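So you can see what is in the structure, the chains are spelled out below.
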Amino acid sequence: MTDSKSSKSTATGTRRIAIDPITRIEGHGKITLMLDSDNHIQEARLHIVEFRGFEKFIQGRPYWEVPFFVQRLCGICPVSHQLAAAKAVDQLAGINQLTPTATKLRRLLHFGQILQSHALHFFHLSSPDFLFGFGSDPMRRNIAGVLEKYPDIAMQGIKMRKYGQQIIEAITGKRVHGTGTLPGGMNRPLSQTWRDALLADIENVLQWSKNALRLNEQIHTEHPEHADFAMFHSNYLSLVDDTGALEFYHGGLRACDSGGTPIFDHQDYCDYRQILREEVRAWSYMKFPYLQQLGNDRGWYRVGPLARVNNCDAITTPLAEAARRRFKAFGGEGPVHNTLAYHWARMIEVLHCAESIQHLLHDNEITGTDLTAEKGDRRQQGIGVIEAPRGTLFHDYTVNDEGIITKANLIVSTTSNNQAMNESIRSVANQYLDGHEITEALLNHLEVAVRAYDPCLSCATHALGKMPLQVELLDAEGKLVHRLVKHGGAETRV
Amino acid sequence: MTNEANKAIDANSITIDGETVPFDAGQTIMDAALAVKIYIPHLCHYPGLTPAGNCRLCMVEANGKSVAACVTQAQSGQQVSSNTPELNAARLSITQMLFVEGNHICPSCEKSGNCRLQAMGYYLGMLEEHFHQFNPRREIDASHSTVLLDRDRCILCDLCVRASRDVDKKNVFAIAGRGIHARLIVNTASGKLGDSNIEAKDLAAKICPVGAILIRERSFDSPVAERIYDRQSISDTAMTEHVPRKEDDRG
């Protein structure tokens, strides 16, 4: 729904377009486009206008409470925050090695989380753009429209998400914001009843995942115009395992440049402060991380499915590995830089999750009852890093001698994609808005670019959000000449 | 009730919400009610400890007079009203006040699911806090190796004070100050729990109805759906609560 809309030029001929709020993303964002007198995009900014301050108010709390405190950052990926914090808490409790069952339960939980989050993002939020077209009728361009016209696709997406949530419920007791992790382990085993129930549906989930992947491969191979949409070259950052394969739960950091050449590899994530820096800009609550080695101009990078599939040497499950090879072939064996290929990579990961879940459920240790490791000497710093659905997630906590948090630093996946989202907006704005009348369809092109990253602005500013988009058009002097506010419906108000 | 009906009641009985309830000499209204499985909401009462009448949730009307059931002796022929809309509304308000006076953030509190204040909120149908939050910033005492004291969650029920003094025989805790300035203190020169002789096995370390006194690093070890109030209402658990008796100690 567009709340306000106007278009006029200033005396200097420059204009400012603002999309506010952005829809079908997690959180509340605002885009500002600054046009010069020739109607060229001078600058594009994605403003994150929410602030929560989790890093501050976690201070003073006992360290073992942290995983359940910080999981409230998000209602979509709380498991990611719980697991990243739990890994940090393991270190704080002096635990280096979990029991095999606890490790497998955490991995199963993480696969379930990524499966449900990716399914939610593609089917509920993004599939309407691809199935109906970026500029199609906004009344239909939503999950309800997909349900009406493509009921099989929509229902498969809904069921895939449900399955991921059932895994979360089986392990944490609730589909959203359960418990589960303990310092050095897990708080309950997976019951045989749950295991049987999950196994009963896994073949369907595998088939739906293959269908979703095939749909994405078709979207990209049959629509070459998508290749140039918001396309730009970038560095990529992700975790990989010891062999260089795709890894979500635990591994070393790998950064590659736009040609696919490693900038660093198998870097211990506990040393992240030596390789990453965060820049603060006055107009956004979201920081701008960059690779210290390359500086803030050239060191920004992308994270998430595209980065992970580009960076890894292999995927450990056969169907996803075959899909990765097709993806690499599409990119000429180098990194795929197409922003919309995020969706494709996301569905490769969905298939990997489904295969991995099947593998873990057939592992008899998954129902073991040896769940916690012995605590060791407590440490004063704990750093947990995982691959959340949206990308690499850093949790870093410092405690005092009494186990009370004195400092916390969170680098959330969406934060890492901050500069990249700005670049995508600028690219799309130059292609679609420059010199044109501002329409809802054109604004949705901007949203499609941002949406590809599956940004969670609530997580990134550590905010409780609706999902709106605000776009403003500014003249060269910073005066507002045009503003659009959308709330997710289809109604347009001037 | 008519005079004739009153005469029919046994000399050692009262009525609670119209139900005849026998009592032994010296029993309180609360004791008599619990003995016949009638629940009168309470937070600061724990059978086996001397009642204190602190939380005021057990306020009932006895012969038309407002009294705290936990500290008022039952008297023959007493007519007690407890489960009435008016009294339950008052209990709800008291519970809401207890919530806003401290930092009871259930989503991140490890006592959640095992917390009597939270369970009371559910029992009374509390849907919001109603009053403005105090957002206190009281000192958290993490100086002890096995017991943690988070004063922001203390509801001043004084159960820990009585348990430590009367059962553990250690006298670790006390309530200092009055009214809005009342606060839980530790009876050591430093005022720190770490300098006290409290142990994790002590009743005082385990009896806290909220998340103010916790055994350290147990974290969320009770899985969701297996916590006390996932399985039972507070009105059910109250029927079996009692401090360990000597015969329990003998095993």
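From a predicted model like this one, the values you see are computed outputs, not experimental measurements.

**Considering the domain arrangement of chain B**
All names here are of chain B. We note that the domain assignment places domain 1 (3-83) and domain 2 (87-219) within chain B. Computed from C-alpha coordinates alone, the two centres of domain 1 and domain 2 are separated by 27 Å. Across the boundary between the two partners, domain 1 contributes 16 residues, which contact 19 residues of domain 2. Split by residue class, the side of domain 1 that touches domain 2 holds 10 nonpolar, five polar and one charged.

**Some remarks on the UniProt feature "binding site: Mg(2+)" (unreviewed entry) in chain A**
Residues and elements named next belong to chain A. In the numbering used here, UniProt assigns the "binding site: Mg(2+)" (unreviewed entry) feature to E55, L410 and H462. Within the element layout of this structure, E55 appears in helix 1 (residues 54-57). Among the residues examined, E55 registers 17 C-beta atoms within 10 Å and is labelled partly exposed.

**Quick word on the environment of F330 of chain A**
Residue and element names in this part refer to chain A. Mapped onto the secondary structure, F330 falls in helix 12 (residues 318-330). We classify F330 as partly exposed; it has 16 C-beta atoms within 10 Å. Ignoring sequence-local partners within four residues, the contact set of F330 consists of H220 and V336.

**Some words on the packing of helix 4 (residues 100-132) of chain A against helix 6 (residues 151-172) of chain A**
Residue and element names in this part refer to chain A. Running from amino to carboxyl end, helix 4 crosses helix 6 at an angle of 155°, the nearest separation of the two axes being 8 Å. Taken together, the axes of helix 4 and helix 6 are roughly antiparallel relative to one another. The interaxial crossing formed by helix 4 with helix 6 has left-handed handedness. Partitioned by chemical class, the residues of the contact of helix 4 with helix 6 number 16 nonpolar, nine polar and one charged.

**Here's the deal with the interface of chain A and chain B**
The interface of chain A with chain B comprises 20 residues on the first partner and 14 residues on the second. Considering only residue class, the side of chain A that touches chain B consists of seven nonpolar, eight polar and five charged.

**Brief notes about the sheet that holds strand 7 (residues 252-256) of chain A**
Residues and elements named next belong to chain A. Taken together, four strands build an open sheet; the order of strands is 8-7-6-11 and the sheet is mixed. Every other strand in the sheet has two partners, leaving strand 8 (262-267) and strand 11 (301-302) as the edge strands with one partner each. Two strands pair when backbone bridges link them, and strand 7 and strand 8 are joined in this way by three bridges, in the antiparallel orientation. The residue bridging A255 from the neighbouring strand is F264, located in strand 8.

**Quick notes on the nonpolar core**
Membership of the largest hydrophobic core comes to 129 residues, with the highest contact counts inside it found for I348 and I425 of chain A. The element best represented in this core is helix 13 (residues 341-361) of chain A, accounting for 12 residues. Setting aside its immediate chain neighbours within four residues, I425 of chain A contacts I31, A44, L46, L446, A449 and V450 of chain A. The next biggest cluster of nonpolar side chains, apart from the first, holds 61 residues, and it includes F23, Y46, L193 and I198 of chain B.

Cut-offs applied
Residues numbered from 1 in each chain as written. Chains lettered and ligands numbered in written order. Predicted model: local features only at pLDDT ≥ 70, side-chain atom pairs only at ≥ 80, totals over all residues. Domains from an automatic or database assignment. Contact = placed C-beta atoms within 7 Å. Nonpolar A, V, L, I, M, F, W, Y, C, P; charged D, E, K, R; others polar. UniProt positions renumbered as here; feature names shortened; annotations may be inferred. Helix = DSSP H or I, 4+ residues; strand = E, 2+ residues; numbered from the N terminus. Buried ≥ 20, exposed ≤ 12 C-beta atoms within 10 Å, placed from the backbone. Axes fitted to C-alpha atoms, helices over the stretch in contact; angles between N-to-C directions. Parallel < 35°, antiparallel > 145°, perpendicular 65-115°, else oblique. Left-handed = near helix turned anticlockwise from the far one by under 90°. Pairing = 2+ DSSP bridges. Core = buried A, V, L, I, M, F, W, Y, C linked by C-beta atoms within 7 Å.

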